[in-house]
Amino acid sequence: MSTAKKRVAVVGYGGMGGWHTRYILESDVTELAGIWDIKAERRDLARERNIFVYDSFDALLADESVDIVTVATPNDVHMPLVIAALEAGKNVISEKPVAMSSDELEQMIAASKRTGKLFTTHQNRRWDKDFLLMKQVYASGELGEVFSIESRVQGSRGIPGDWRKLKAHGGGMILDWGVHLIDQMLQLVNDKKIEKLYCKCDYITNDEVDDGFKLDLYFEGGLTARIEVGTSHFISLPRYYMAGTKGAALVEGWKSNCKVIYCFDENEKDVAPVVTAAGLTKTMAPRDGKTIAEYEIPQPESDVHDFYRNVCAAIDGKAEQIVTHAQLLRVMRVMEAAFRSDSLGAPVEIIGDEIC
Ligand SMILES: NC(=O)c1ccc[n+]([C@@H]2O[C@H](COP(=O)([O-])OP(=O)(O)OC[C@H]3O[C@@H](n4cnc5c(N)ncnc54)[C@H](O)[C@@H]3O)[C@@H](O)[C@H]2O)c1
């Protein structure tokens, strides 16, 4: 088994391709072989940065020193590039969303099985600290039975002015951000079975693709998860909220600690009512230190370089691939059901193994 650094070539030297090249150069397990992009100006920029540029995609595939090909192009060309690279004997990382549909993804998985080469997707937001905090709280069981989780990201600048606005290229926010938040949610709840989902998309800044959405997932056992992405919000709601029978947890923003409240006296007798302009309420009166306690969990350590470390170890047979084909298929099918729900204007019941 090899202990040398794996040589990675990047296809598509745009925003994310640029990020991959930096990340590959910094890594303790990879080195950069070079890039290929269909745009001359992107190739020129790479040369200016002293990065080797292949003459063509075929020339990149023909380079026998390349162990891994990372595909960082717009979403509609992931499938042909990934399959060609697998057929050329390369291990392949595709950017997210892995494909435009589960049908495309099944063809990519079949190519990986046929060639015996590793194929995975860069679900890098599994290393986000806000998500890791929520995962820790959920797994601890401290909130009692968790019945509601909310995960949202909200910006105010609409969809970026590139291919992300166009359906043909796989634009829209379900495929762009939804893929991350759905993947995180399924990881968080340990792949609990989904019984039903409802999705409503926003078309605030354009008509062709969704510029945001609200997706409700109804899990077996009564847990409901709301996943929300917005691009026309000038005030952002908290990144994550979780409610359980004995407490609640909140992660305000990307860089926040997790605030946990737990209740040690559920049968509080003397509630001080809140007096509002229109009357008083005990039901909605906040609790105080007599029945609840609060603490913070600091952000955990997290190193996104572990993604390439895992890919390299999996190629050498030293680790299991973290982002698996089954997980990718499940997320893809949730996104397809979300699109179906939005176009029907109705919830979608998940029958049998439809999303498994
Ligand atoms: N994981 C993440 O956090 C993350 C973040 C941003 C983007 N992405 C994903 O990365 C991919 C690229 O997004 P981006 O923001 O870098 O887009 P981009 O438009 O900045 O870059 C895409 C590049 O691909 C090139 N390209 C297009 N077709 C090609 C082909 N057939 N062969 C070679 N090059 C080709 C374009 O010329 C362009 O330079 C998308 O799938 C996107 O969803 C992932």
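The coordinates are above.
Definitions and limits used
- Residues numbered from 1 in each chain as written.
- Predicted model: local features only at pLDDT ≥ 70, side-chain atom pairs only at ≥ 80, totals over all residues.
- Core = buried A, V, L, I, M, F, W, Y, C linked by C-beta atoms within 7 Å.
- Buried ≥ 20, exposed ≤ 12 C-beta atoms within 10 Å, placed from the backbone.
- Helix = DSSP H or I, 4+ residues; strand = E, 2+ residues; numbered from the N terminus.
- Domains from an automatic or database assignment.
- Contact = placed C-beta atoms within 7 Å.
- Pairing = 2+ DSSP bridges.
- Axes fitted to C-alpha atoms, helices over the stretch in contact; angles between N-to-C directions.
- Right-handed = clockwise from strand over helix to strand, strands pointing away.

Draft legend 1. Highlighting the nonpolar core. Core analysis: the biggest nonpolar cluster contains 89 residues, and Val 82, Met 134 and Met 185 have the highest contact counts within it. Ranked by the residues each element gives to this core, the list is headed by helix 7 (residues 173-188), at 10 residues. Here this core spans two domains, and each of domain 1 (6-122) and domain 2 (126-302 + 334-349) adds at least three residues to it. Setting aside its immediate chain neighbours within four residues, Met 185 contacts Ile 149, Ser 151, Leu 217, Ala 225 and Ile 227.

Draft legend 2. Structural view of the sheet that holds strand 16 (residues 348-349). In spatial order, the strands read 15-12-11-10-6-9-8-7-16; together these 9 strands make up an open sheet with mixed pairing. Every other strand in the sheet has two partners, leaving strand 15 (292-297) and strand 16 as the edge strands with one partner each. With 5 bridges connecting them, strand 11 (residues 247-251) and strand 12 (residues 258-263) associate as antiparallel partners. Considered in strand 12, the bridge of Ala 248 is made with Ile 261. Sheet strands in contact with helix 7 are strand 6 (146-154), strand 8 (212-219) and strand 9 (224-230), and its direction is about 155° off that of strand 9.

Draft legend 3. Geometry of the pairing of strand 3 (residues 68-71). Every second residue of strand 3 is oriented toward a common face, with Ile 68 and Thr 70 on one face and Val 69 and Val 71 on the other, all of them buried. Pairing geometry for strand 1 (residues 6-11) and strand 3, over 4 bridges, is parallel. Of the residues in strand 3, the one forming a bridge with Val 11 is Val 71. The parallel pair strand 3 and strand 4 (residues 91-94), bridged by helix 4 (residues 78-87), forms a crossover whose chirality is right-handed.

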